[in-house]
Amino acid sequence: MARTLTQTEFLIELEPVVEENLNRHLGVAKEWFPHEYVPWDDARTFDGILGGTAWRPEDSTIPEVARTSLLVNLLTEDNLPSYHHEIATTFGRDGAWGTWVGRWTAEEGRHSIVIRDYLIASRALDPKALERARMAHMEAGFQTEYGTMLQQLAYVSFQELATRIAHRNTGRASGDETCERILARVAADENLHMLFYRNLLGAALDLDPNQTMRAITDVVKSFQMPGAGMAGFARMSMQIAHAGIYDLRSHKDEVLMPVLRQWKVFEKEGLDPEGEKARQELAEFLDNLEVTAKRFEERRDARRAREAAK
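Residues numbered from 1 in each chain as written. Predicted model: local features only at pLDDT ≥ 70, side-chain atom pairs only at ≥ 80, totals over all residues. Heavy atoms only, no water.

> How would you summarise the overall build of the protein if you had to cite specific residues and measurements?
Check the secondary structure of the protein and you find 11 helices and zero strands. When the helices and strands of the protein are placed in sequence order, the string is α-α-α-α-α-α-α-α-α-α-α. Relative to its length of 310 residues, the protein is compact, with a C-alpha radius of gyration of 21 Å against a globular reference of 19 Å. Taken across its 310 residues, the protein has 51% of its residues classed as buried. Long-range contacts, defined as pairs at least 24 residues apart, comprise 83% of the intrachain contacts of the protein with a sequence gap of at least 6. Looking at charge distribution, the protein has the averaged site of its 38 positive side-chain charges lying 5 Å from that of its 49 negative ones. (Helix = DSSP H or I, 4+ residues; strand = E, 2+ residues; numbered from the N terminus. Rg over C-alpha atoms; globule rule 2.2 N^0.38 Å. Buried < 20%, exposed > 50% of the residue type's maximum accessible area, 1.4 Å probe, protein only. Contact = heavy atoms within 4.5 Å. Lys, Arg positive; Asp, Glu negative; His and termini not counted. Charge placed at Lys NZ, Arg CZ, Asp CG, Glu CD.)

In structure tokens:
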């Protein structure tokens with residue numbers, strides 16, 4: 001029977017795994033510079049203090065839904081100070097854990113820099129509206145609903161992959177080669193971050209399978225993207241889903257299932273009754289999610305057919 005570990009024991013037991021994965025990450029992560037990805041020659045001075053040209057929607061040819069997704073993605077990246085606080089509070093600032101927290105934060109900081117610089121230089125979004133949205137979203141901040149380290153590790157394992165998918169698909173939907181290149185670069189970072197957290201949670205599953213299985217199930221059943229608190233998120237996320245950039249199908253098939261398969265959650269042996277209960281809840285939730293995803297796809301296909309017939 002596996003022993004139930006405390007959060008402090010998890011931090012201690014996982015420290016060698018953190019160090020190993022930190023060294024692996026540093027060995028494969030590539031240095032890159034946000035300014036090299038931005039088309040500065042396309043930039044023009046905006047109206048205001050310097051007396052430039054006011055922004056107009058027709059300044060950019062990027063489709064409206066891609067602009068919406070870019071806004072959501074950028075505002076999500078903007079809340080980095082809150083994310084840093086959450087993981088630093090949970091993981092600590094000492095040893096390999098602390099080194100990772102600092103490295104992750106530094107790498108994530110490039111994402112909002114490069115996306116915003118691109119949007120401003122290409123005039124894809126109204127800069128005044130963008131700044132007001134940034135202020136409101138950052139003032140609200142982000143606070144996780146998960147109270148344990150295991151839940152937070154499970155959450156970021158899924159969330160980093162979800163963010164990668166959202167960035168890549170947004171880039172493709174933009175129809176702009178520069179935008180796609182930028183978001184592919186950002187997505188590559190997110191993928192490496194996902195691998196780090198996924199490996200840690202996998203090690204935790206070996207240390208304490210029952211407690212970890214419960215954390216995985218709780219997170220899968222309640223998962224929301226970190227930008228869920230921004231103004232208009234429900235409306236914007238529905239537009240994004242109808243465009244196929246990120247929807248229930250991509251969430252289940254491209255985010256949840258690959259990570260769960262990697263952890264071998266449905267092959268894991270040695271679970272006690274509580275662990276088995278959590279796994280059964282997870283299986284039932286995934287079955288229901290499949291049904292819901294199919295229904296959404298059917299409604300979306302019917303809607304597209306009606307629009308095409310007009």
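> Residues and numbers for the nonpolar core, please.
Counting 85 residues, the largest nonpolar core has L14, F158, Y197, I216, L260 and W263 as its most contacted members. Of all the elements, helix α7 (residues 177–207) adds the most residues to this core, at 14 residues. Excluding residues that lie within four positions of it along the chain, L260 makes contacts with F158, I216, V265, L282 and L286. (Core = buried A, V, L, I, M, F, W, Y, C linked by side-chain atoms within 4.5 Å.)

> Could you give an account of the packing of aromatic side chains, naming the residues involved and the relevant values?
The tally for this structure, following the rule as stated, stands at nine aromatic pairs. Taking the centre distance of 5.2 Å and the plane angle of 35° together, the rings of Y155 and F223 count as tilted. A residue pair is termed long-range when its members are at least 10 positions apart, and Y155 in helix α6 (residues 149–174) and F223 in the loop between α8 (209–222) and α9 (233–242) qualify at 68 residues. The class for Y155 is buried, based on a relative accessible area of 8%. F223 gets classed as buried once you look at its relative accessible area, which sits at 14%. When the centroid spacing of 5.5 Å and the interplanar angle of 85° are considered together, the rings of F196 and Y197 count as edge-to-face. An identical accessibility class is assigned to F196 and Y197; each is buried. In textbook terms, an aromatic cluster arises when at least three aromatic residues are bridged by ring pairs, as seen for W100, F196 and Y197. (Phe/Tyr/Trp six-rings, centres within 6.5 Å; stacked < 30°, edge-to-face > 60°.)

> Which residues make up the layout of surface pockets, and what are the values?
By volume, the largest pocket amounts to about 690 Å³. Considering the residues around the largest pocket, the lining is formed by 31 residues, among which M225, F233, S237, Y246 and L248 are closest to the centre. Listed by contribution, the elements that provide at least two residues to the lining of the largest pocket are α2 (64–78), α6, α8, α9, α10 (248–263) and α11 (273–309). Of the voids in this model, the second largest pocket is the one considered here, and its volume is about 200 Å³. Looking at the lining of the second largest pocket element by element, the count peaks at three residues for helix α4 (residues 95–122). Each residue belonging to the lining of the second largest pocket can be placed in one class, and the counts come to four nonpolar, six polar and five charged. (1 Å grid on protein atoms, 1.4 Å probe; cavity = no way out; pocket = protein on both sides within 12 Å on 5 of 7 lines; lining within 4 Å. Points joined across faces, edges and corners; volume = space filled by probe spheres on them. Nonpolar A, V, L, I, M, F, W, Y, C, P; charged D, E, K, R; others polar.)

> Please set out the side chain of N21 residue by residue, giving values where relevant.
By the secondary structure assignment, N21 is in helix α1 (residues 7–28). Apart from residues lying up to four places away in sequence, N21 is in contact with F196, N199 and L200.

> Describe in detail the side chain of D208, supporting the description with residues and values.
Along the polypeptide, D208 turns up in the loop between α7 and α8. Polar contacts involving the side chain of D208 include one to the side chain of Q211, which spans 2.8 Å. (Polar contact = N/O pair within 3.5 Å; in protein donor to acceptor, adjacent residues only side chain to side chain.)

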